[in-house]
Amino acid sequence: AELDNARTGRSGSLASPPTSSDFKQKIDVNPPKGTRDFPPEEMRLRSWLFQNFREVSQSFGFEEIDFPVLESEALFVRKAGEEIRDQLYCFEDRGNRRVALRPELTPSLARLVIQKGKSVSLPLKWFAIGQCWRYERMTRGRRREHYQWNMDIIGVPNVTAEAELISSIITFFKRIGITAVDVGFKVSSRKVLQEVLRRYSVPDNLFGRVCVTIDKLEKIPMDDIKKELRAAELSEQAVEELLQILTVKSLEELEEKLGSSVEVIADLKQLFSLAEKYGYSEWIQFDASIVRGLAYYTGIVFEGFDREGKLRAICGGGRYDRLLSTFGGEDVPACGFGFGDAVIVELLKERGLLPELSPQVQNIVCSLDQDLQGAASLVAARLRDKGQTVDLVLENKPLKWVFKRASRINAQRLIIVGSSEWEKGVVGVKMLSSGEQYEIKVDELE
Ligand SMILES: CC(=O)Nc1cnc2ccccc2c1
């Protein structure tokens, strides 16, 4: 492509720049690599998805928030070897400040909670839908941006918060026709790993990094996993026990391994008991191998997966009780999830659940000759004042053209302003589905 550009003079020096003739070199009309446009059809699907996100969040009593897509790079420079760090879309701005396009929303939320400090009363139940960015070598042809729905509960230490968050995601799935046959949640707790590391006196500051490494199981070779764990000064025995505990198949087995005293058993038991009360037991399962790839999780972690196993994780989340102190704030218990806009659409396509969304307008208004254009505007204004939606034909077009447009925009009703009718103070109305047509006084239109 670069060579091609050079030859055509689009960006290279090989060809001479466009001459003074009025021929303008055409710009590249595609969006930047890894990004998407949302023309009307795609935007209708996105709006439908976000409307569902929003309505579920509101039905759970959450308040909407937002923050800049541009943040200080410092918000994301965690040293735990996360992929999200390697792919940070960061740069130096004209003020020589190190900044980044946010790769996720949670650090911004933490920053806002610290900023609000004592002026907000806990618990906070906040949600956001925001575009997140990564910079990947386009070799992988993967997207560089996606939209994420986040819901977070700040200030609730017990697993009732995680149970509520999982319930909100299940409510979303049900709204769009996804069932427990299609999707499930794998649930575990990082306190399992924390307990094993404690028994081998691994220092706390290595916890995040070990979890990020463990999350790479199945993504990178086992030898690399072990190498990374040894680099974190874990003994051979610690490594073996860590990998062993991830294969535990049930809470009972976990209890045998760890002993029933550890709090993680109580946490998970309470979560499964709450799930039963919510009525979503068939949606969730304990899976000790789930750790998630973000360094800051400290407790329960969960991820939504497609039971056919064809797609990447649909969503994921967990508890992050220590994130605020990493930014110098007072720690507050917190948990939340992120739900991307890509995998869910693939799942809906797979299951034939993509909604048929067409444009909709109640009226299309046109005048039959140009000196009635003003009358048409008056009729359109009347209808809009009554809360009707109106597509007003803005040029003098033949009726054939108007009918064509009416069907393309799915108009329900055609309002025609003609000179003889207008003199009688009426307009022509044609119901476009039934074909029924009649005349009516402008003021009686509704
Ligand atoms: C499937 C997909 O589009 N994933 C995706 C796309 N863009 C991102 C951008 C930032 C962080 C994570 C991202 C993840």
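Residues numbered from 1 in each chain as written. Predicted model: local features only at pLDDT ≥ 70, side-chain atom pairs only at ≥ 80, totals over all residues. Heavy atoms only, no water.

Draft legend 1. Main features of the layout of surface pockets. Roughly 630 Å³ of internal volume is contained in the second largest pocket. Lining the second largest pocket are 24 residues, and of these G208, A295, Y296, R322 and T326 lie nearest its centre. Counted by class, the lining of the second largest pocket contains eleven nonpolar, six polar and seven charged residues. (1 Å grid on protein atoms, 1.4 Å probe; cavity = no way out; pocket = protein on both sides within 12 Å on 5 of 7 lines; lining within 4 Å. Points joined across faces, edges and corners; volume = space filled by probe spheres on them. Nonpolar A, V, L, I, M, F, W, Y, C, P; charged D, E, K, R; others polar.)

Draft legend 2. A look at the site of the ligand. The environment of the ligand is formed by P103, C132, W133, R134, R143, R144, E145, H146, R312 and A342. In isolation the ligand exposes 350 Å². Once the protein is present, 83% of that is buried. Contributing elements (two or more residues each) for the shell around the ligand: β5 (124-133) and β6 (145-154). When grouped by side-chain class, the residues that make up the shell around the ligand number four nonpolar, one polar and five charged. (Near = heavy atom within 4 Å. Areas by Shrake-Rupley, 256 points an atom, 1.4 Å probe, with all protein chains shown as cover. Helix = DSSP H or I, 4+ residues; strand = E, 2+ residues; numbered from the N terminus.)

Draft legend 3. Examining the packing of aromatic side chains more closely. Inspection of every chain in the model, using the stated rule, returns 19 aromatic pairs. Ring geometry for F53 against W149: centres 4.6 Å apart, planes inclined by 15 degrees, an arrangement best described as stacked. Within this pair, whereas F53 is found in helix α2 (residues 40-59), its partner W149 is found in strand β6, the two being separated by 96 residues in sequence. On the basis of relative accessibility, which here comes to 1%, the residue F53 falls in the buried class. Of the residues examined, W149 reaches a relative accessible area of 0% and is grouped as buried. It is R46 that lies over the ring of F38; its NZ or CZ is 4.5 Å from the centre. Between K186 and the ring centre of F305, over which it is positioned, the NZ or CZ distance is 4.5 Å. (Phe/Tyr/Trp six-rings, centres within 6.5 Å; stacked < 30°, edge-to-face > 60°. Buried < 20%, exposed > 50% of the residue type's maximum accessible area, 1.4 Å probe, protein only. Lys NZ or Arg CZ within 6 Å of the ring centre and 35° of its normal.)

Draft legend 4. Structural context of the sheet that holds strand β12 (residues 361-367). In spatial order, the strands read β13-β12-β14-β15-β16; together these five strands make up an open sheet with mixed pairing. Unpaired on one side and paired on the other, β13 (390-392) and β16 (437-441) mark the two borders of the sheet. Sheet twist, expressed as the mean angle between neighbouring strand axes with direction ignored, is 25 degrees. Pairing of β12 with strand β14 (residues 411-417) involves six bridges; the strand directions are parallel. Paired with I364 across the bridge in β14 is L414. (Pairing = 2+ DSSP bridges. Axes fitted to C-alpha atoms, helices over the stretch in contact; angles between N-to-C directions.)

Draft legend 5. Fine view of the pairing of strand β9 (residues 300-306). Within β9, seven of the seven residues are buried, which leaves it mostly tucked inside the rest of the structure. Bridge count between strand β7 (residues 183-189) and β9: seven bridges; the pairing is antiparallel. When the sheet's bridge partners are listed, S189 is paired in β9 with I300. Looking at chain direction, β9 and strand β10 (residues 315-319) are connected through four bridges and run antiparallel. Opposite E303, over in β10, you have G316 as the bridge partner.

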